[in-house]
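# Working through the structure, step by step
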Amino acid sequence: MKTLRLILGDQLNAKHSWFETVRDDVIYCMFEMRQETDYVVHHIQKVVGFFAAMRDFSNQLKNNGHQVKYLNITDPENCHDLEQNIKQILENNSIVRFEYQAPDEYRLETQLRTICDSINVDSSCFDTEHFYTSREELSVFFEGKKQLLMERFYRYMRKKHDVLMLGDQPIGGVWNYDQSNRKKWKGTPSIPPHLEFPNNINCIKNDLDTAQIKTIGRFEKNHFDYPINIIQAKEQLDYFCKELLPHFGDFQDALHTDQVYLFHSRLSFAMNLKIISPKEVVDTALNYYGSNSDIIDISQIEGFVRQIIGWREYMRGMYWKEMPSYLDLNSLNNHGKIPDFFWTGNTKMNCLKQTITNSLDNAYAHHIQRLMITGNYLLLTQTHPDAVDQWYLGIYLDAVQWVQLPNTRGMSQYAD
Ligand code: FAD
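Residues numbered from 1 in each chain as written. Predicted model: local features only at pLDDT ≥ 70, side-chain atom pairs only at ≥ 80, totals over all residues. Heavy atoms only, no water.

Turning next to the pairing of strand S1 (residues 2-6). Two faces, one strand: in a regular strand the side chains alternate between the faces of the sheet. Extensive coverage of S1 is indicated by the burial of 4 of its 5 residues. Of the pairings in the sheet, the one linking S1 to strand S5 (residues 95-101) comprises 5 bridges and is parallel in character. Bridged to Lys2 within S5 is Ile95. Pairing of S1 with strand S2 (residues 26-31), which is carried by 4 bridges, proceeds in the parallel orientation. Bridge pairing links Thr3 to Val26 in S2. (Buried < 20%, exposed > 50% of the residue type's maximum accessible area, 1.4 Å probe, protein only. Helix = DSSP H or I, 4+ residues; strand = E, 2+ residues; numbered from the N terminus. Pairing = 2+ DSSP bridges.)

Written as structure tokens, this is what we have:
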């Protein structure tokens with residue numbers, strides 16, 4: 001008489017209330033599936049990163065005494081389809097109940113609803129306990145308003161969560177320091193080398209080769225620079241606060257040929273997989289700022305929290321407000337193809353060459369590269385938004401549809 005609980009690849013929240021107690025009657029399941037590796041051609045580092053984080057999470061659960069059924073990409077039992085994998089486990093164990101956390105993608109939400117309708121055990125859905133806002137909060141907030149301005153939502157979030165507030169006024173007297181986020185970086189202040197994490201990823205690459213998963217981008221042996229578990233994510237966050245936050249706001253929009261990351265936090269992958277929560281990131285940065293406000297200007301921390309409690313939550317709210325029709329919007333009626341050099345970086349246009357090469361090498365580009373270099377070029381050349389989405393969804397390590405789609409189709413392509 002057991003309960004089966006599903007953990008999706010972007011639901012690696014070790015602090016979720018599910019894991020507070022170890023129960024003999026609960027089996028957790030996690031799957032590396034072709035359904036996920038093949039719905040778009042992903043960057044090799046993205047697939048490796050997801051699987052590395054999932055395997056690490058499953059090992060943590062097992063070490064803590066939980067029962068986990070983990071199917072890896074080469075496992076002969078793996079049907080590579082969510083429904084079939086779940087049904088197989090239901091049949092082979094005495095499962096009386098199926099539980100899952102609300103997925104963040106419309107595609108998976110629909111699939112899970114279908115699965116729940118077709119199995120003959122009770123099922124229920126749980127919150128992921130990750131975001132500041134509920135799925136519907138933005139829709140409710142903007143109800144009856146003509147414009148869906150991010151700034152208005154951001155101020156509401158600042159007040160509601162008491163972030164950088166003095167009573168009902170913003171600390172410093174100004175809500176938004178965007179105008180001070182536009183300095184050029186000319187070699188100073190210096191940027192210390194970014195953190196590297198000793199994760200063994202070669203075996204995952206071998207598994208992907210065995211399974212013949214088609215990918216794009218560069219892979220370097222034993223080289224994956226992003227945190228894959230909560231310990232590494234906290235290390236990355238502490239490093240960010242100490243070394244990068246003091247200049248984050250100033251150089252938020254800067255571009256430089258010698259610098260891949262400048263003062264950016266590189267936390268999106270860990271946050272999007274729910275390895276670390278946005279609240280933990282924001283609270284840690286606010287505490288660090290609080291203890292160092294004599295040397296860190298408010299514009300640095302404001303620029304950072306705006307991205308997380310503002311843009312990130314806003315994008316999620318927009319996604320759930322507009323889906324599924326958002327997927328078909330093409331208001332400028334653009335029908336062009338993505339140029340071949342987007343897959344190679346082989347162009348004489350230097351800004352594009354830098355951004356695309358960076359993306360292919362590191363599965364990373366910061367927001368100005370994504371918005372104003374590649375996004376702007378694809379907009380000007382009237383590329384079909386479907387093709388734009390596919391490129392962005394595949395190439396970036398942090399690309400999951402709820403955040404990629406409104407940024408790409410909305411912010412960068414004006415397709416909505
Ligand atoms: P930092 O610059 O250090 O910012 C801190 C955090 O703020 C990020 O980790 C991220 O969680 C959040 N953030 C910043 N900007 C945005 C934004 N516009 N929307 C939502 N959250 C934001 N972000 C993704 O996580 N996944 C995507 O697929 C994605 N696609 C994008 C596509 C386009 C066209 C554009 C313009 C932006 C996209 N972004 C996406 C937002 C942003 O580019 C990345 O979040 C950021 O570059 C990640 O690097 P970082 O962690 O170093 O960010």
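Put simply, Thr188 and Pro189 share a cis peptide bond, and its omega is -10°. For Pro189, the position within the fold is in the loop between strand S8 (169-170) and helix H7 (202-210). With an omega of 5°, the peptide bond between Met323 and Pro324 qualifies as cis. Turning to its location among the elements, Pro324 is positioned in the loop between helix H11 (298-322) and helix H12 (350-362).

This brings us to the layout of surface pockets. Here the largest pocket is characterised by a volume of approximately 1400 Å³. Taken together, 50 residues form the lining of the largest pocket, with Gln307, Trp311, Met315, His367 and Asn407 sitting closest to its centre. Going through the elements one at a time, helix H6 (150-160), helix H9 (268-272), H11, helix H13 (367-380) and helix H15 (401-412) are the ones with two or more residues in the lining of the largest pocket. It is H11 that contributes the most residues to the lining of the largest pocket, 10 residues altogether. (1 Å grid on protein atoms, 1.4 Å probe; cavity = no way out; pocket = protein on both sides within 12 Å on 5 of 7 lines; lining within 4 Å. Points joined across faces, edges and corners; volume = space filled by probe spheres on them.)

A few words on H15. Counting buried positions over the 12 residues of H15 gives 10, a clear majority of the element. Of the surrounding elements, those touching the buried residues of H15 are H9, H11, H13 and helix H14 (385-395). Within two residues after H15, Tyr414 carries a phi angle of roughly 55°, on the positive side. (Contact = heavy atoms within 4.5 Å.)

The first and last C-alpha atoms of H13 sit 18 Å apart over 14 residues, in line with the 20 Å expected at 1.5 Å per residue. Bending of H13 peaks at approximately 30° at the position of Thr374. Along H13, the residues that are buried comprise Ile368, Gln369, Arg370, Ile373, Thr374, Gly375, Leu378 and Leu379. Gln382 sits one or two residues past H13 and shows a positive phi near 55°. (Expected span 1.5 Å × (residues − 1). Bend = angle between axes of the 7 residues up to and from the residue.)

Below, the discussion takes up the site of the ligand. Neighbouring the ligand are 28 residues; His264, Ser265, Arg266, Asn272 and Tyr364 lie closest to it. His264 places a polar side-chain atom, nitrogen or oxygen, 2.6 Å from an oxygen atom of the ligand. Within the contact set of the ligand, a nitrogen atom lies 3.0 Å away from a backbone nitrogen or oxygen of Asp398. For the ligand, the cavity whose grid points lie within 2 Å of the majority of its atoms is the largest pocket. Where the shell around the ligand is concerned, the elements lending two or more residues are H9, H11, H13 and H15. (Near = heavy atom within 4 Å. Polar contact = N/O pair within 3.5 Å; in protein donor to acceptor, adjacent residues only side chain to side chain. Sits in = over half its atoms within 2 Å of the grid points.)

Relative to the helices and strands, His130 is located in the loop between strand S6 (122-126) and helix H5 (137-142). Setting aside residues up to four positions removed in sequence, His130 forms contacts with Met271, Lys274, Ile276, Ser277, Pro278 and Arg312.

Right, let's get into the sheet that holds S1. If you trace the 5 strands from one edge of the open sheet to the other, you get S4-S2-S1-S5-S6, paired in parallel fashion. Strands with a single pairing partner mark the edges of an open sheet, and in this sheet they are strand S4 (67-71) and S6. Neighbouring strand axes in the sheet, compared pairwise and without regard to direction, differ in orientation by 25° on average. Direction of pairing for S2 relative to S4: parallel, over a ladder of 5 bridges. Bridge pairing in S4 places Tyr28 opposite Val68. Along the sheet, helix H4 (residues 106-118) contacts S1, S5 and S6; its crossing angle with S5, the most-contacted strand, is approximately 165°. (Axes fitted to C-alpha atoms, helices over the stretch in contact; angles between N-to-C directions.)

In short, the description is geometric, and any link to function would need to be established separately.
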